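Here are the chains, one letter per residue:
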Amino acid sequence: MSIETLLTADRRIAIAHEMIARYNAQDADAYVALMTDNACEAGYRGAVVREGREGTRAGLAAMFAQYPQNRVTILDSKCVGPTVVLHEAVSRAPDGEQFEVLAIYSFEGDKVSRVEFIR
């Protein structure tokens, strides 16, 4: 039996929530540690915006430098099969840009292989 089969919905959701905790701590290295080596972040059904673990780490580090108060609040979590969907509220700063996204986390085993954003 593969690890993907053994991973419960609750465990997948917990991994996605841990990624957000690491994101909110602005720890790009810890965030990408939960991703596969060839993982990426992309617009939903669109262009890849951060490619590979290193590309994601570098992109997040640059964004954290630009938005040092950037935070995400998880509004809702769902898991269907190997996919987790989080409804997220993003705040660039307390008085800055605010928006909501649906973030779709695809898994390979116990690591995230792709995150797609609907905004």
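Located above this text is the structure these notes cover.
Student: Looking at this structure, how should I read helix H4 (residues 52–66)?
Tutor: Each α-helix winds once per 3.6 residues, and so residues spaced three or four apart point in a common direction. The end-to-end C-alpha separation of H4 is 21 Å, in line with the 21 Å expected for 15 residues at 1.5 Å each. Check the buried side of H4 and you find it contacts helix H2 (9–24), helix H3 (28–32), strand E1 (35–43) and strand E2 (48–51).

Student: I'm lost on unusual backbone geometry in this one. Help?
Tutor: A negative phi holds for most residues other than glycine; trans holds for most peptide bonds. Of note, the phi angle at Gln26 is positive, near 55°, even though the residue is not glycine. Residue position: Gln26 is located in the loop between H2 and H3. The class for Gln26 is partly exposed, based on a relative accessible area of 23%. Even without a glycine there, the phi angle at Arg45 is positive, about 55°.

Quick notes on the rules
Residues numbered from 1 in each chain as written. Predicted model: local features only at pLDDT ≥ 70, side-chain atom pairs only at ≥ 80, totals over all residues. Heavy atoms only, no water. Helix = DSSP H or I, 4+ residues; strand = E, 2+ residues; numbered from the N terminus. Expected span 1.5 Å × (residues − 1). Contact = heavy atoms within 4.5 Å. Buried < 20%, exposed > 50% of the residue type's maximum accessible area, 1.4 Å probe, protein only.

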